[in-house]
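One-letter residues, chain by chain:
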Amino acid sequence: MSSLSTILVEGLTYHHDPTRPPSLRDISLHLPPGSRTILVGANGAGKSTLLQILAGKRLVKNANIRIKDRDVFRDSPSGVTFLGTEWAMNPVVRGDISVSAFLDSVGGYRHKARRDHLLDILDVDLDWHMHTISDGERRRVQLCMGLMAPWDVLLLDEVTVDLDVLVRDELLTFLKRDSIERCATILYATHIFDGLDSFPTHVVHMRLGYFVTELTPWPYDSSAVSTTPLSLYRTALHWLKEDREHRLGLERQGRKTRGARRNETVPTDSETFYKKYDYHR
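Residues numbered from 1 in each chain as written. Predicted model: local features only at pLDDT ≥ 70, side-chain atom pairs only at ≥ 80, totals over all residues. Heavy atoms only, no water.

## Overview of the sheet that holds strand 7 (residues 153-157)
- Read from one edge of the open sheet, 6 strands run 6-7-8-3-9-10, paired in mixed fashion. Looking at strand neighbours, the two that pair on one side only are strand 6 (80-83) and strand 10 (210-217), the edges of this open sheet. Taking the axes of each pair of neighbouring strands and ignoring which way they run, one obtains an average angle of 15 degrees across the sheet.
- Its contacts with the sheet place helix 1 (residues 47-54) against strand 3 (36-40), strand 6, strand 7, strand 8 (185-189), strand 9 (202-207) and strand 10, and it is angled at close to 150 degrees to strand 7.
- Sheet strands touched by helix 4 (residues 135-147): strand 6 and strand 7. Its angle to strand 6, the strand with the most contacts, is close to 170 degrees. (Pairing = 2+ DSSP bridges. Helix = DSSP H or I, 4+ residues; strand = E, 2+ residues; numbered from the N terminus. Axes fitted to C-alpha atoms, helices over the stretch in contact; angles between N-to-C directions. Contact = heavy atoms within 4.5 Å.)

Structure (structure tokens):
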């Protein structure tokens, strides 16, 4: 099976805290070369944790995790790019340096044709200074930096959240074409599904650290639930509603509840404290 899968995960269970339930439970995943897979799941479903493990950022000992048939931790494969949201908040990339100098400092001159193509797609000004631009503009620089070297596997964690609609659409078009032309593999976690219907080859539904729906070819066969084809947005909305109902069922069985605590008669410690300093009464 590994020879047929660019990304292979078997028997992955992961604990952030050994005293608490696992963040990932018995995850298995086989992504073929050239596939573009969307991870669908509510906040806290485990999508970011899975991507970080695949990128080698979290150590796992008792699971088979391979990319390009190489062990992620013991024989790190080349050609793997991980782009997450935390990059734009790093103080190192908020310094007084021009975008041109910044990209050259990370090897942009070695990939001039791809870098220039991405600069056009992402509408980046080489004279911007990293400490003066917006979060969205900084995100564009991150994407240019991360994508200018050809990749075999691309792991994306919500990196389009800051982009305007036009730039996001042109970026997704570039990524799809790049994936097709070079048979490169993409695994993408996002909560923005508008305009994504033609992008993925597969979808996966995560809930509370496990796969509810295994790797499923897209377009999704909606004949069982609808007479018209479902959009990715409608499919995700349907799955997330099921996730909430599942969680509410667990709460009715004794799991800790979320939301307002309308039955509380004793004020919280914070409520008692802040009432002393409430000057708006």
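## Examining unusual backbone geometry
- Residue Pro219 is reached from Trp218 by a cis peptide bond, and omega for that bond is 10 degrees.
- Along the chain, Pro219 falls in the loop between strand 10 and helix 6 (232-252).
- Here the phi dihedral of Lys68 falls at roughly 55 degrees; this positive angle occurs in a residue that is not glycine.
- With respect to the secondary-structure elements, Lys68 resides in the loop between strand 4 (64-67) and strand 5 (70-71).
- For Leu208, which is not a glycine, the phi torsion comes out positive at approximately 50 degrees.
- Looking at the secondary structure, you find Leu208 in the loop between strand 9 and strand 10.
- Of the residues examined, Leu208 reaches a relative accessible area of 24% and is grouped as partly exposed. (Buried < 20%, exposed > 50% of the residue type's maximum accessible area, 1.4 Å probe, protein only.)

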